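# Report on the structure
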Amino acid sequence: MSLITNVMDHSLDDGYAEAAARRKADGGGGMPKTLRAKLGLAGGLVLAALIVTVGAAQARVAAPVVAKEREELIDRIDQETEAADRLEDSVDELRADVSERQREALRDSGGGGRSTLVGILSGATAVHGPGVRLVVDDAKDASTGGDGDARSTSGFSDTGRVRDRDMQRVVNGLWESGAEAVSINGQRLTALSAIRAAGDAILVDNRPLVPPYTVLAVGDGGELSDRFQNSADGLYLHVLQENYGIRTAISVEDDVRLSAAPSVIVRTAQPITEKDAS
């Protein structure tokens, strides 16, 4: 209690004042007294000022160099971006040229209606007609799996996200229900199309798609819609909607328009000639 009483009665300022007085009496306070001490202090101050001055000068000299390097890097990025854009435009032009040549080959093959049918079924020809529009989207509260991968879970779509296998079943169900041509988000499907996954993204022919997924199918609209919704794949989609919150909407359309596929390249199959048939 005596210590507490002493602290209450005497402030810390008094203690500091007593310590300063003792140090002054002993000659340990204030500025240095000897010439050597004064010269040492002056030298230290000069050295500190010199270091600060040199650092500021180096920073001033290096600043234009860093700015120049930054501008050169930005210019290089812009040039490479422009080059990539030109290459992408060139690829699109070549794909369009290949597709046009394929369509011309189909028209000039002399097969008549058969060639037209082949062009439609192969996706090499743009088509339109009655059909259905099916929109499939992730659940509102979609999440990833336990390890961050929405497609690594054991359930069907227990993360609330649409997966590649879900879209595969949707497309196959439409084909089986009588669809004559199908596209996903404007990407025309062909006999060579593949629906795969890369992380959380769904790829169609190696092109990533983002939800919502709009599937257009040309066919007998009303009958196609009924047959699909009553099929095993349509019921599968309904289960995803009811149990996992995946959102779907299907409507019958009077005129569905699908563009041609960018290119259809066949590397293995060969047509059967009359000689082969005999």
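Figured I'd write up the structure that's included with this text. Each residue is numbered by its place in its chain's sequence as written, counting from 1. A pLDDT threshold of at least 70 governs which residues receive local features in this predicted model, and a stricter bar of 80 or more applies before side-chain atom pairs are shown or counted, although totals over entire chains, interfaces and linings include all residues. Values reported for side chains reflect all heavy atoms of the structure, with hydrogen atoms and water molecules removed beforehand.

Next up on the list: the overall build of the chain. Scanning the chain for helices and strands turns up 8 helices and 8 strands. Relative to its 278 residues, the chain shows a buried fraction of 25%. In this analysis, two residues are considered to be in contact whenever any of their non-hydrogen atoms come within 4.5 Å of each other. Here the analysis covers contacts within the chain between residues at least 6 apart in sequence; of these, 72% occur between residues at least 24 apart. All accessible-area figures derive from a Shrake-Rupley calculation using a 1.4 Å probe, and residue coverage is judged against the displayed protein chains alone. As displayed, the chain offers around 18900 Å² of accessible surface, 56% of which is attributable to carbon and sulfur atoms. Put simply, DSSP H or I for four residues or longer makes a helix, DSSP E for two residues or longer makes a strand, and each gets a number counted from the N terminus. For every residue, the accessible area obtained with a 1.4 Å probe (protein chains only) is divided by the maximum for its type, and the residue is called buried under 20%, exposed over 50%, and partly exposed between those limits.

Turning our attention to the pairing of strand β5 (residues 201-204). Only strands joined by at least two bridges in the DSSP assignment are considered to pair. Here 4 bridges tie strand β4 (residues 195-198) to β5, and the two strands are oriented antiparallel to one another. Each residue of the ladder has a partner; that of I195, found in β5, is V204. Bridge count between β5 and strand β6 (residues 207-209): 3 bridges; the pairing is antiparallel. Each bridged residue has a counterpart across the sheet, and for I202 the counterpart in β6 is L209. The antiparallel hairpin formed by β5 and β6 contains 2 residues in its connecting segment, where D205 sits at a positive phi of about 55 degrees.

Now for the packing of aromatic side chains. Any Phe, Tyr or Trp ring, taking Trp's six-membered ring, that has another such ring centre within 6.5 Å forms a pair; planes under 30 degrees apart are called stacked, those over 60 apart edge-to-face, and the others tilted. A complete count under the given rule lists 0 aromatic pairs for this structure. R169 extends its terminal NZ or CZ atom over the ring of Y236, reaching a point 4.2 Å from the ring centre. Distance and angle both matter: a charge sits over a ring if NZ of Lys or CZ of Arg is within 6 Å of the ring centre and within 35 degrees of the ring normal.

One open sheet accounts for 5 strands, arranged β3-β2-β7-β1-β8; its pairing is antiparallel. One side of each edge strand has no neighbouring strand; the edge strands of this open sheet are β3 (187-188) and β8 (247-258). Strand direction decides the pairing type here: strand β2 (residues 181-184) and β3, joined by 2 bridges, are antiparallel. By the bridge assignment, I184 is partnered in β3 with Q187.

So, on to the packing of helix α6 (residues 221-230) against helix α7 (residues 232-244). At their nearest, the axes of α6 and α7 sit 4 Å apart, and the two run at 70 degrees to each other. The orientation of α6 relative to α7 falls into the category roughly perpendicular. Contacts from F228, Q229 and N230 of α6 reach α7 at A232, D233, G234, L235 and L237. Of the residues belonging to the contact of α6 with α7, the class tally is 4 nonpolar, 3 polar and 1 charged. Each axis is a line fitted through C-alpha atoms, and for a helix only the stretch in contact is used; angles between axes span 0 to 180 degrees, taken between their N-to-C directions. Throughout, the term roughly parallel applies to angles under 35 degrees, roughly antiparallel to angles over 145, roughly perpendicular to angles from 65 to 115, and oblique to all others. We call Asp, Glu, Lys and Arg charged. Ala, Val, Leu, Ile, Met, Phe, Trp, Tyr, Cys and Pro are nonpolar, and the rest, Gly among them, are polar.

Once that is clear, we can look at the pattern of salt bridges. Between Lys or Arg on one side and Asp or Glu on the other, a salt bridge is scored when a side-chain nitrogen of the former is within 4 Å of a carboxyl oxygen of the latter. Enumeration according to the criterion identifies 6 salt bridges in this entry. Residue R247 is joined to D137 by a salt bridge in which the shortest nitrogen-to-oxygen separation is 3.2 Å. Taken together, the residues R247 in strand β8 and D137 in strand β1 (residues 127-137) connect sequence positions 110 residues apart. You can call R247 partly exposed: its relative accessible area is 34%. Residue R169 pairs with D233 through a salt bridge whose shortest N-O separation is 2.9 Å. You can see R169 sitting in helix α5 (residues 164-176) and its partner D233 sitting in helix α7, a full 64 residues away along the chain.

So, on to α6. Among all positions of α6, only G221, L224, S225 and F228 are buried. Down the axis of α6, the sector holding all buried residues measures 100 degrees, keeping them to one side. Tucked inside the fold, the buried residues of α6 contact β1, α5, β7 (213-218), α7 and β8. Regarding the arc, it is the one traced by the directions from the helix axis to the C-beta atoms.

A few words on unusual backbone geometry. A cis amide bond links P211 with the next residue in sequence, P212, at an omega value of 0 degrees. One can find P212 in the loop between β6 and β7. Positive phi values are uncommon outside glycine, yet N185 reaches one of about 50 degrees. Relative to the helices and strands, N185 is located in the loop between β2 and β3.

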